[in-house]
Amino acid sequence: MKTEAEPTSPACRRCGTCCQKGGPALHLQDLHLFDGPGALSLAMVVTLRAGEPAFDQPKGRLLPLAAELLKLRGAESPNSERISGGSGWACALLMQPGNACALYERRPAECRVLSCQDTTALAAMYELERLSRADFLPAGHGLLAVMAEHEALVAVARVAPLAVALRAGGQESLDAQEELTRMALADRAFRTGLAERAGIGPEFHEFFLGRDAATLFAVARLALRPDARTGLRVQADPLGQPLPTPAPAHLPPHPENQP
Ligand code: SF4
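The rules we used
Residues numbered from 1 in each chain as written. Predicted model: local features only at pLDDT ≥ 70, side-chain atom pairs only at ≥ 80, totals over all residues. Helix = DSSP H or I, 4+ residues; strand = E, 2+ residues; numbered from the N terminus. Buried ≥ 20, exposed ≤ 12 C-beta atoms within 10 Å, placed from the backbone. Contact = placed C-beta atoms within 7 Å. Axes fitted to C-alpha atoms, helices over the stretch in contact; angles between N-to-C directions. Parallel < 35°, antiparallel > 145°, perpendicular 65-115°, else oblique. Left-handed = near helix turned anticlockwise from the far one by under 90°. Nonpolar A, V, L, I, M, F, W, Y, C, P; charged D, E, K, R; others polar.

With that settled, the discussion passes to the overall build of the protein. Each helix and strand counted, the protein has eight helices and eight strands in total. Within the protein, the fraction of its 259 residues that count as buried is 35%. For the protein, the share of sequence-separated contacts (at least 6 apart) that also reach a separation of at least 24 residues comes to 62%.

Pasting the structure below:
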């Protein structure tokens, strides 16, 4: 996207389509965005954890992530206006009206190489040198241990198979419900602990812990309900619609997925 002050590149129609398909995944070259004057806050970053389903645009289908990735937050951020008709995962730095990038001069690496006409350069760097949460914390930092424990107790890769088991009925269903409920309670406890014991506000929780259990479960068409005995109960949501699944990067849609 171009700022209002810049001439529009002949290669870019400023339609905003790429930015409305989700903000960029972040790479090592983007570390500078979080340093110095005008630095981005980590509150602008969402972690998609390893095992979490995300739309792989080069392959054109939903796949579990092999490794975690960090994305710029979606348009629901208070820093950005919601884009009419957007997916809800439009880049938070896309400003309306005008489809202008709030960070154009310092925009992330993926945005720099993206061309609608030729995505070769973007595809080439798509999975290279992606940033992870550990890149922001010194070795041995206490939060690394917290994040590792959260990964173990709230294993995102378990959600989809447990959702299937929960719908199977019988003892398998009860076991799945119990495990999912334990995960939801653990996830809630971690987030409460971050806020109350580490003073880390909710705006940073999607960076440190990724998307919460309710959001991950909703993708698997599971609902979290209050429960007088355990605090929370997980159940299949017969009316549930999968939430928009964030694309790990903003490549144009795969041709095979076009109507
Ligand atoms: S950082 Fe700027 S150019 Fe990149 S997706 Fe967001 S709005 Fe578009």
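So, next bit.
Next up on the list: the packing of helix α5 (residues 159-166) against helix α6 (residues 170-198). Two numbers describe how α5 lies on α6: the axes approach to 7 Å, and their chain directions differ by 140°. Comparing their axes, α6 and α5 come out oblique. Crossing angle aside, the handedness with which α5 passes α6 is left-handed. Residue-level contacts link L162, A165 and L166 of α5 to E172, S173, A176, Q177, E179 and L180 of α6. Classifying every residue of the contact of α5 with α6 gives five nonpolar, two polar and two charged.

Moving on: the environment of L63. If you trace the backbone, L63 turns up in strand β3 (residues 61-64). Take L63: there are 12 C-beta atoms within 10 Å of it, and that puts it in the exposed class. Expressed as a C-alpha distance, the spacing of L63 and E52, which sit 11 residues apart in the sequence, is 8.0 Å. Not counting chain neighbours up to four residues away, the residues in contact with L63 comprise P53 and D56.

Any link to function would need more than the numbers given here.
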